[in-house]
Amino acid sequence: MTIRADGGQLDQLLINLVRNAVDAALDAGGGVELGWTAHNGRLEVWVQDDGPGLADTVNLFVPFYTTKADGSGIGLALSRQIAEAHGGSLTLANRERAKGCEARLSLPIAGPE
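No experiment lies behind these values; they were computed from the predicted model shown.

Chemist: So what about a nonpolar patch on the surface? Which residues, and what values?
Modeler: On the surface, Val-18, Val-22, Leu-26, Val-32, Leu-34 and Trp-36 cluster together to form a nonpolar patch covering roughly 560 Å² of accessible area. Every element with two or more residues in the nonpolar patch is listed here: α1 (9–28) and β1 (32–39). Relative to the helices and strands, Val-18 is located in helix α1.

As structure tokens, this is what we get:
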């Protein structure tokens, strides 16, 4: 399976998602799970945390919006831009059957060259 990426951008996206999940989980004494699957020509990556969840889902991807005391508010906005630049998508939502949040990244799987 191949995902086409430019110079560490996807690395930064995944670092942002995992770092956010770890920060949320630490605040609540919970954990983080990461997984992936390939389905219908797409790689689906998910990061779930046992943190407090999202209080404001409307502004998540607004540049410079942050709920962290030391946050800059650019991590999620940049992560979504990176996903979209690679033909993918990024969503965040509160988990339905557990406390915490789930980030879901979907990227196209490149065909044979």
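Chemist: Just give me the short version of the pattern of salt bridges, but keep the residues and values in it.
Modeler: Evaluated as defined, the whole model comprises 2 salt bridges. Asp-50 is paired through a salt bridge with Arg-95; the nearest N and O atoms lie 2.9 Å apart. In this pair, Asp-50 sits in the loop between β2 (42–49) and α2 (75–85) while Arg-95 sits in the loop between β3 (89–94) and β4 (101–108), placing the two residues 45 residues apart along the sequence.

Chemist: Provide a residue-level description of the packing of α1 against α2, including the pertinent values.
Modeler: It is the contact of α1 with α2, at a shortest axis distance of 9 Å, that shows an interaxial angle of 140°. In terms of axis orientation, α1 runs oblique to α2. With respect to the hand of their crossing, α1 and α2 are arranged in left-handed fashion. Across the interface between the two elements, Gln-9, Leu-10, Leu-13, Asn-16, Leu-17 and Asn-20 from α1 touch Gly-75, Leu-76, Ser-79, Ile-82 and Ala-83 from α2.

Chemist: Can you break down the nonpolar core residue by residue, with the values?
Modeler: Core analysis: the largest hydrophobic core is formed by 17 residues, its most contacted members being Leu-13, Leu-17, Leu-90, Leu-92 and Leu-105. Going through the elements one at a time, α1, β2, α2, β3 and β4 are the ones with two or more residues in this core. Those residues in contact with Leu-17, other than ones at most four positions away along the chain, are Val-47, Leu-76, Leu-90 and Ala-103.

Chemist: Provide a residue-level description of α1, including the pertinent values.
Modeler: Helical geometry: 3.6 residues make up each α-helical turn, so side chains three or four residues apart lie on a common side. Its 20 residues give α1 an end-to-end C-alpha distance of 29 Å, which sits within 8% of 28 Å, the value for a rise of 1.5 Å per residue. Inspection of α1 places Leu-10, Leu-13, Asn-16, Leu-17, Ala-21, Ala-24 and Ala-25 among the buried residues, and these make up the whole buried set. End-on view of α1: buried residues confined to an arc of 155°, all on one side of the axis. In α1, the exposed positions angled more than 90 degrees off the buried face are occupied by Asp-11, Leu-26 and Asp-27. Close packing links the buried residues of α1 with β1, β2, α2, β3 and β4. Note on α1: the residue one or two positions beyond its end, Gly-29, has a positive phi of about 70°.

Calculation rules
Residues numbered from 1 in each chain as written. Predicted model: local features only at pLDDT ≥ 70, side-chain atom pairs only at ≥ 80, totals over all residues. Heavy atoms only, no water. Patch = residues over 30% accessible without salt bridge, like charges linked within 9 Å, V, L, I, M, F, W, Y side chains within 5 Å. Areas by Shrake-Rupley, 256 points an atom, 1.4 Å probe, with all protein chains shown as cover. Salt bridge = Lys/Arg side-chain N within 4 Å of Asp/Glu carboxyl O. Helix = DSSP H or I, 4+ residues; strand = E, 2+ residues; numbered from the N terminus. Axes fitted to C-alpha atoms, helices over the stretch in contact; angles between N-to-C directions. Parallel < 35°, antiparallel > 145°, perpendicular 65-115°, else oblique. Left-handed = near helix turned anticlockwise from the far one by under 90°. Contact = heavy atoms within 4.5 Å. Core = buried A, V, L, I, M, F, W, Y, C linked by side-chain atoms within 4.5 Å. Buried < 20%, exposed > 50% of the residue type's maximum accessible area, 1.4 Å probe, protein only. Expected span 1.5 Å × (residues − 1). Arc of directions from axis to C-beta.

This is a description of form; function is not addressed.
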